[in-house]
Amino acid sequence: MCNCIAEVTKKLREHYDGKFKKPIESLQLQTYIDFNSGRLGTYTEVKIALVDQKKVETASLVHTFCPFCGVRLREKEA
Ligand SMILES: [Zn+2]
């Protein structure tokens with residue numbers, strides 16, 4: 001298990017600090033808590049547009065491997 005989410009969040013905050021007209025209150029990656037392990041994981045939001053529907057549906061594509069360092073985040077499915 002890596003510490004990339006915390007490290008990347010910290011680096012992003014440092015990178016963007018002072019680049020906006022107002023100070024940063026918070027900065028957050030797309031993360032979720034895996035209730036089986038209690039660990040944070042990352043995901044990509046998938047947008048699904050349907051024919052004749054204005055509301056775009058969304059789904060979450062959970063990352064098996066850390067997108068920053070490649071370490072496995074999720075156990076193999078049994
Ligand atoms: Zn990582």
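Residues numbered from 1 in each chain as written. Predicted model: local features only at pLDDT ≥ 70, side-chain atom pairs only at ≥ 80, totals over all residues.

Trainee: Before we go on, may I ask you to explain the sheet that holds strand β2 (residues 40-48) in this structure?
Mentor: Strands in a sheet are paired, the pairing made by backbone hydrogen bonds, and the direction either parallel or antiparallel. Overall, antiparallel pairing links the 3 strands, which are arranged β1-β2-β3 in an open sheet. Strands at the two margins of the open sheet, each flanked by one partner only, are β1 (31-33) and β3 (57-62). Sheet twist, expressed as the mean angle between neighbouring strand axes with direction ignored, is 45°. Pairing of β1 with β2 involves 3 bridges; the strand directions are antiparallel. Counterpart to Thr-31 in the pairing with β2 is Thr-42. (Pairing = 2+ DSSP bridges. Helix = DSSP H or I, 4+ residues; strand = E, 2+ residues; numbered from the N terminus. Axes fitted to C-alpha atoms, helices over the stretch in contact; angles between N-to-C directions.)

Trainee: How should the pairing of β3 be read in this particular structure?
Mentor: Every regular strand shows the same layout, with side chains that alternate between the two sheet faces. Of all 6 residues making up β3, only 0 are buried, and the element is barely covered by its neighbours. One ladder, built from 6 bridges, connects β2 with β3; its direction is antiparallel. Its bridge partner lying in β3, Thr-44 is registered against Leu-61. (Buried ≥ 20, exposed ≤ 12 C-beta atoms within 10 Å, placed from the backbone.)

Trainee: Looking at this structure, I do not really get helix α1 (residues 4-16). What am I missing?
Mentor: Along an α-helix, residues three or four apart share an orientation, since each turn contains 3.6 residues. Between its first and last C-alpha atoms α1 spans 18 Å; for 13 residues at 1.5 Å apiece the expected length is 18 Å, and the two agree. Taking burial as the measure, the 13 residues of α1 include 0 buried ones, a minor fraction of the element. Looking one or two places after α1, you find Gly-18, whose phi comes out positive at around 85°. (Expected span 1.5 Å × (residues − 1).)

Trainee: Sorry, what's going on with unusual backbone geometry here?
Mentor: Across the chain, the bulk of peptide bonds are trans and the bulk of non-glycine residues have phi less than zero. The residue Asp-52 is not glycine, and still its phi comes out positive at about 60°. Position of Asp-52 among the secondary structure elements: in the loop between β2 and β3.

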